[in-house]
Amino acid sequence: PNGIQVTRNFPPIKGVDPDDHAYMHPGLSLGFAVLDGENFWHNDRGVVVHEGFVGEPTAGNSASFCARNRYVRQDGSTICMEEATYTLTTNKDGYLITLDTQFSSNRSFSFGVKEEMGLALRVASPIRVKEAGGSILSANGGRDEKGTWGIVDQWWDYFGEIEGKKVGLQIMSGPGNPEVWAHSRDYGVLVANPFPVDLKANRDKMTVVEPNKPFRLRFGVQVHESKDFNPSASHTRYLEATAHE
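These remarks concern the structure in this document.

Rules used throughout
- Residues numbered from 1 in each chain as written.
- Predicted model: local features only at pLDDT ≥ 70, side-chain atom pairs only at ≥ 80, totals over all residues.
- Heavy atoms only, no water.
- Pairing = 2+ DSSP bridges.
- Helix = DSSP H or I, 4+ residues; strand = E, 2+ residues; numbered from the N terminus.
- Axes fitted to C-alpha atoms, helices over the stretch in contact; angles between N-to-C directions.
- Core = buried A, V, L, I, M, F, W, Y, C linked by side-chain atoms within 4.5 Å.
- Buried < 20%, exposed > 50% of the residue type's maximum accessible area, 1.4 Å probe, protein only.
- Contact = heavy atoms within 4.5 Å.
- Expected span 1.5 Å × (residues − 1).
- Arc of directions from axis to C-beta.
- Polar contact = N/O pair within 3.5 Å; in protein donor to acceptor, adjacent residues only side chain to side chain.
- Phe/Tyr/Trp six-rings, centres within 6.5 Å; stacked < 30°, edge-to-face > 60°.
- Salt bridge = Lys/Arg side-chain N within 4 Å of Asp/Glu carboxyl O.

## A closer look at the sheet that holds strand E5 (residues 78-91)
Pairing is antiparallel across the open sheet formed by eight strands, whose spatial order is E3-E4-E5-E6-E15-E11-E10-E9. The sheet terminates laterally at strand E3 (47-53) and strand E9 (135-138), the two strands that pair on one side only. In this sheet, neighbouring strand axes are inclined to one another by 20° on average, regardless of whether the strands run parallel or antiparallel. Two elements, strand E6 (residues 94-104) and strand E15 (residues 215-225), share ten bridges in a ladder whose sense is antiparallel. Residue pairing for E15: Tyr95 is matched across the bridge by Val223.

## Describing the nonpolar core
Residues Phe32, Leu35, Phe103, Phe109, Phe111 and Ile171 are the most contacted members of the largest nonpolar core, which totals 46 residues. For this core, the element with the highest residue contribution is E15, accounting for five residues. When neighbours within four sequence positions are excluded, Phe32 is seen to be in contact with Glu38, Asn39, Phe40, Trp41, Tyr71, Phe103, Phe111, Glu116, Met117, Gly118, Phe195 and Leu217.

## Let's talk about helix H2 (residues 231-242)
Between its terminal C-alpha atoms H2 stretches 17 Å, which fits the 16 Å expected from twelve residues at 1.5 Å a residue. Where H2 is concerned, the buried positions are Pro231, Ser234, His235, Tyr238 and Thr242. Along the axis of H2, the buried positions cluster into a sector of 100°, meaning they face one direction only. On its buried face, H2 sits against E6, E9, strand E10 (155-162), strand E11 (165-173) and E15.

## Re unusual backbone geometry
Trans is the prevailing form of peptide bonds, just as negative phi is the prevailing case for residues other than glycine. Along the chain, Phe10 connects to Pro11 via a cis peptide bond; the corresponding omega equals 0°. Along the chain, Pro11 falls in the segment before strand E1 (28-35). Of note, the phi angle at His21 is positive, near 50°, even though the residue is not glycine. In this structure, His21 sits in the segment before E1. The phi torsion at Glu131 lies on the positive side, around 65°, for a residue other than glycine. Of note, Glu131 is situated in the loop between strand E8 (117-122) and E9.

## Thoughts on the environment of Asn69
You can see Asn69 is positioned in strand E4 (residues 62-72). Sequence-wise, Asn69 and Met81 are twelve residues apart; in three dimensions their C-alpha atoms are separated by 5.8 Å. The contacts of Asn69, once residues within four sequence positions are left out, are Val48, Val49, His50, Glu51, Cys80, Met81 and Glu82.

## Things to note about the environment of Ser105
Along the chain, the position of Ser105 falls in the loop between E6 and strand E7 (109-111). Each C-alpha atom, one on Ser105 and one on Glu210, is 8.0 Å from the other, the two residues being 105 residues apart in sequence. Ignoring anything within four residues of it in the chain, the contact list for Ser105 reads Ile79, Cys80, Glu210, Pro211 and Asn212. Polar side-chain contacts of Ser105 include one of 3.1 Å to the backbone nitrogen of Arg107.

## Digging into the packing of aromatic side chains
Counted by the stated rule, this structure contains 14 aromatic pairs. Pairing Phe32 with Phe195 gives two aromatic rings, centres 6.2 Å apart and planes at 75°, and the pair type is edge-to-face. Placement of the pair is Phe32 in strand E1 and Phe195 in the loop between strand E13 (189-193) and strand E14 (207-209), with a sequence separation of 163 residues. Across the pair, exposure class does not vary: Phe32 and Phe195 are buried alike. Each ring, one from Phe53 and one from Phe65, has its centre 6.1 Å from the other, and the planes form 80°; the classification is edge-to-face. Pair noted here: Phe53 is in strand E3 and Phe65 is in strand E4, with a separation of twelve residues, a long-range link. Judged by relative accessible area, Phe53 falls into the exposed class, the value being 56%.

## Things to note about the pairing of E6
Within E6, eight of the eleven residues are buried, which leaves it mostly tucked inside the rest of the structure. Across eleven bridges, the pairing between E5 and E6 is antiparallel. Pairing of Leu88 across the sheet is with Ile97, part of E6. Hairpin geometry of E5 and E6 is characterised by an intervening segment of two residues between the two adjacent antiparallel strands.

## Observations regarding the pattern of salt bridges
In total, this model carries 16 salt bridges according to the counting rule given. For Arg128, the salt bridge identified is with Glu131, shortest N-O distance 3.8 Å. Among the ionic pairs, Asp198 bridges to Arg203, the shortest N-O distance being 2.6 Å. When salt bridges that share partners are traced, they join Asp100, Arg216, Arg218 and Glu245 into one network.

Below you can see the structure in the form of structure tokens.
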């Protein structure tokens, strides 16, 4: 609310930010390293083409828009279509971003197993755990990368202090999702991954989407600037707001 930036500078500023993956992690993003054998994460293979908007945007107490996207292989063929609805709503802690997205095709396609799959954040350098004193907290009480990576849960909060204020970003798994686990790193990355955990035993698993049967994912991201922020209450508020959607 006070204009404090809670995601890493893009591009990162040398001497201010870690400059690994400088061409990736531009704030908040949805990506898949293995989608029908193509890579839509590392920005060097598959391409997501914005086809346009669905309906008219809305504004008032909240704002919302729906984007239609096409996932295209390197050879130009289409894997699937996506309709992604984003809603932004202010609340006492800051503001909530919700994503409700569906993937579909007239042919079957599949999502694979990789840690780089799902809804991702790259947090501002002053609130990362490594060398900056920030924290990661999960719903089951896990702390930082060691206590949260690879563990299925309902929400994860990446937070710290900037300009004397407690700020952060909380990712929440939405109603109807598959089990979601965290690809969480102390250097500032948090990914809510809705596919099997990236372990050797799961490497060959696939989530198959049947023809003309949309695959739906839902997430909430609470951007917070509040000294008494309660992530459990925030998660309850998100679930109540989306229960009937």
